[in-house]
Structures are given as structure tokens and as C-alpha cells.
Amino acid sequence: MSRKRMIYEGKAKILYEGPEPGTLIQYFKDDATAFNAEKRAVLDGKGVLNNRISEFMMTRLAGVGIPNHFIKRLNMREQLIRKVEIIPLEVIVRNTAAGSLSKRLGIEEGTALPRALVEFSLKNDELGDPLVSEEHIAAFNWASPQEMDEIISTALRVNDFMSGLFAAVNIKLVDFKIEFGRHFEGDLQRTILADEISPDSCRLWDFDTQEKLDKDRFRRDLGGVTEAYTEVARRLGILKESGQGADIVDFSTGVK
Ligand code: TMP
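Residues numbered from 1 in each chain as written. Predicted model: local features only at pLDDT ≥ 70, side-chain atom pairs only at ≥ 80, totals over all residues. Heavy atoms only, no water.

The next point concerns the overall build of the protein. Helix and strand counts for the protein come out as six helices and 16 strands. Seen through its principal axes, the protein has C-alpha atoms that stretch 55 × 50 × 35 Å. A total of 256 residues make up the protein; the buried ones form 52% of that total. The long-range fraction of contacts in the protein, counting pairs at least 24 apart against all pairs at least 6 apart in sequence, stands at 57%. For the protein, the accessible area works out to roughly 12,600 Å², and carbon and sulfur atoms hold 51% of it. Mean positive and mean negative side-chain charge positions of the protein (36 and 41 charges, respectively) differ by 3 Å. (Helix = DSSP H or I, 4+ residues; strand = E, 2+ residues; numbered from the N terminus. Buried < 20%, exposed > 50% of the residue type's maximum accessible area, 1.4 Å probe, protein only. Contact = heavy atoms within 4.5 Å. Areas by Shrake-Rupley, 256 points an atom, 1.4 Å probe, with all protein chains shown as cover. Lys, Arg positive; Asp, Glu negative; His and termini not counted. Charge placed at Lys NZ, Arg CZ, Asp CG, Glu CD.)

Printed below as a string of C-alpha cells:
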């Protein structure tokens with residue numbers, strides 16, 4: 001790892017220079033943070049699971065014509081991605097009330113929303129990623145009107161596709177957060193999905209028991225965080241069954 005030049009270190013991932021111009025290597029750490037990094041832990045194997053789950057989601061989304069930054073997985077913790085200029089917005093799609101929406105509007109967690117809601121937060125850790133409206137986004141030019149059209153329609157397509165994908169394995173997609181980037185190819189500029197899609201960035205509940213299978217297990221001290229992520233991977237068919245448990249992976253090295 002030391003041979004690669006680090007471009008950026010985030011809370012859960014590191015970006016390194018890629019082997020070709022226009023590419024980067026995205027490395028998934030085991031670090032977990034919540035409440036703007038006030039709460040921290042290292043969860044053995046989380047990075048390996050998120051690398052695999054995000055690969056699966058991005059590959060499936062590309063398969064239904066939703067362009068994204070994923071090129072290929074390199075090893076247990078790294079994937080090759082297209083370099084993009086990240087649009088400084090967290091795009092949140094909600095199907096069921098939970099988390100900050102429940103708190104903000106006093107709607108009980110688990111209440112089905114009348115329709116999918118799309119919300120935006122400004123990506124700014126110092127400010128705690130504040131909720132912003134399309135008015136703010138336009139006024140401060142964080143994204144162009146054309147980019148916003150693409151972002152909203154893509155976010156809703158991602159929601160429809162992922163809701164079905166998870167429902168097929170008895171998981172309710174409660175809400176999720178995605179990010180978009182500007183991809184430049186010569187004179188051509190496209191808005192593509194970037195970052196990651198994993199139980200760190202989604203709320204996933206078992207349809208029957210409502211058991212949480214996502215990062216809320218960490219945020220709310222419920223325990224069994226990597227076990228829940230492993231269960232998501234297992235249901236999606238990413239981890240092959242072997243004997244009693246899922247796949248044998250040495251999470252510390254990522255060697256199978
Ligand atoms: P929220 O209810 O806390 O606003 O979260 C909405 C969704 O966004 C939920 O699926 C978790 C995800 N999320 C992130 O991916 N990163 C974040 O920093 C936050 C606050 C939420």
C-alpha cells in the first residue's frame with residue numbers, strides 16, 4: 001500500500017492514485033464513525049464486507065444502465081474506480097420514516113412514507129452535513145439545474161432497483177445515501193454515481209422481524225454489526241455458504 005500515492009483519506013475509505021490516468025483505487029477501512037465522528041470504532045472485517053457489497057450493487061446498477069464509478073474489484077479491500085469530481089451533496093432517498101427524518105418531523109420510525117422522498121445534505125463535516133433545499137443548491141451553485149435533474153431521476157431509479165433487489169432477499173430498503181460525481185471524458189461531462197453503497201450508507205431491515213441489518217447497529221449500540229453486514233452479503237449471494245457459517249474469510253488480512 002505504501003507504494004501508492006494517497007489522494008484523500010475519509011472516515012471509512014482511502015483513495016489512492018490509480019494505475020491509469022482517470023482512475024483511482026478505493027480502499028475500504030474497518031473504521032466506523034457516527035454522529036460526525038464523535039463515536040468511533042474499528043469493526044474487524046467491515047471494510048472487506050463493504051467492498052464486496054458495494055461492488056455487487058454498483059455492478060448490478062451498471063447492468064440496468066445506471067452509470068457509476070466502479071470498474072473492478074482488485075482485492076478484498078480495494079476496488080478500481082473512475083476518478084470523478086464529487087458533487088458536494090449527500091443525496092438521501094427514504095421509503096420508510098427513520099433516523100433524522102423521524103426526529104425532525106416527529107414521525108414514528110417504521111411509518112411507510114406516502115412516496116419516496118429525496119433529501120439533500122451539504123457534504124461538510126465542520127457543519128455536520130446540514131440539510132439543504134434545491135433553492136440553496138441552485139443559489140450557491142453546488143450543482144447545476146441539469147445535474148440536479150439527473151441526480152434526482154437517477155436517485156429514484158436506484159431506489160426502485162435496490163428496493164426490488166433487497167425485497168427479493170426479504171430485506172426492506174428503508175432509506176439510503178448516495179453521492180454523485182462529475183466524470184470528464186475529453187469534452188464530455190457526465191454525472192455518475194460514486195462513493196459506495198453498503199450497510200454503512202443504507203438502512204436495511206429484515207422484512208419479517210424488522211431487525212436492523214445496517215450501521216444503526218453501531219450508531220445505537222445494538223452489537224452484532226459485522227454479523228449483520230455478513231447476513232446482508234449472504235442473502236445477496238455474495239458470500240457462499242460453507243458449512244455452518246458464511247465464507248471463511250480472514251478479515252484481518254482479507255485472505256480467503
Ligand atoms: P439519517 O436518517 O441519519 O439522515 O440517515 C439517512 C440515510 O443516510 C441512512 O440510510 C444513513 C445514511 N447516512 C450516511 O450514509 N451518512 C451519514 O453521514 C448520515 C448521517 C446518514
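Having seen the structure, we can now continue with the description.
A few words on the pairing of strand 6 (residues 70–73). As paired strands, strand 6 and strand 7 (residues 78–82) are joined by three bridges and run antiparallel to one another. Paired with Lys72 across the two strands is Leu80, which belongs to strand 7. Once strand 6 ends, the chain turns through four residues before running back antiparallel as strand 7. (Pairing = 2+ DSSP bridges.)

This part is about the sheet that holds strand 3 (residues 23–28). Pairing is antiparallel in the open sheet, where five strands are placed in the order 1-2-3-7-6. Each end of this open sheet is capped by a strand with a single partner; those strands are strand 1 (6–9) and strand 6. Mean inter-strand twist for the sheet, computed between neighbouring axes without regard to direction, equals 25°. Of the pairings in the sheet, the one linking strand 3 to strand 7 comprises five bridges and is antiparallel in character. Among the inter-strand pairings, Tyr27 is bridged to a residue of strand 7, identified as Glu78. Along the sheet face, helix 1 (residues 46–63) touches strand 3, strand 6 and strand 7 and points at about 135° away from the line of strand 6. (Axes fitted to C-alpha atoms, helices over the stretch in contact; angles between N-to-C directions.)

The set of residues buried in helix 6 (residues 225–235) consists of Val225, Thr226, Ala228, Tyr229, Thr230, Val232 and Ala233. Among the residues trailing helix 6, Gly237 stands out with phi positive, at a value near 85°.

Right, let's get into the site of the ligand. Near the ligand you find 14 residues, and of these Arg94, Ser100, Asp175, Lys177 and Arg203 are the closest. Between the ligand and Arg94, the relevant distance is 2.9 Å, taken from an oxygen atom to a side-chain nitrogen or oxygen of the residue. In the complex, 77% of the free accessible area of the ligand, which totals 450 Å², lies under the protein chains. Classifying every residue of the shell around the ligand by side-chain character gives four nonpolar, three polar and seven charged. (Near = heavy atom within 4 Å. Polar contact = N/O pair within 3.5 Å; in protein donor to acceptor, adjacent residues only side chain to side chain. Nonpolar A, V, L, I, M, F, W, Y, C, P; charged D, E, K, R; others polar.)

On to the pattern of salt bridges. All told, the structure shown has 28 salt bridges when counted by the stated rule. Arg5 is the partner of Glu17 in a salt bridge, and the nearest nitrogen-oxygen pair spans 2.9 Å. Pair noted here: Glu17 is in strand 2 (residues 13–17) and Arg5 is in the segment before strand 1, with a separation of 12 residues, a long-range link. Within this structure, Arg94, Arg104, Glu109, Glu119, Asp175, Arg203, Asp216, Arg219 and Arg220 form a network of salt bridges that share partners. (Salt bridge = Lys/Arg side-chain N within 4 Å of Asp/Glu carboxyl O.)

This next bit is on the nonpolar core. Within soluble globular proteins, side chains that are nonpolar generally end up buried alongside one another. In terms of nonpolar packing, the biggest core is built from 48 residues, with Met57, Met162, Phe166, Ile178, Leu193, Ile197 and Leu236 touching the most fellow members. Breaking this core down by element, the ones donating at least two residues are strand 4 (31–34), helix 1, strand 9 (89–96), strand 10 (112–122), helix 4 (145–167), strand 12 (171–185), strand 14 (202–206) and helix 6. Here this core takes seven residues from helix 4, the largest share from any one element. Those residues in contact with Leu193 that sit more than four places away from it in its chain are Met58, Leu61, Ile66, Pro67, Asn68, His69, Val158, Ile178, Glu179 and Phe180. Among the nonpolar cores identified, the runner-up in size contains five residues, and Ile14, Tyr16, Ile25 and Tyr27 belong to it. (Core = buried A, V, L, I, M, F, W, Y, C linked by side-chain atoms within 4.5 Å.)

By themselves, these figures tell us nothing about what the structure is for.
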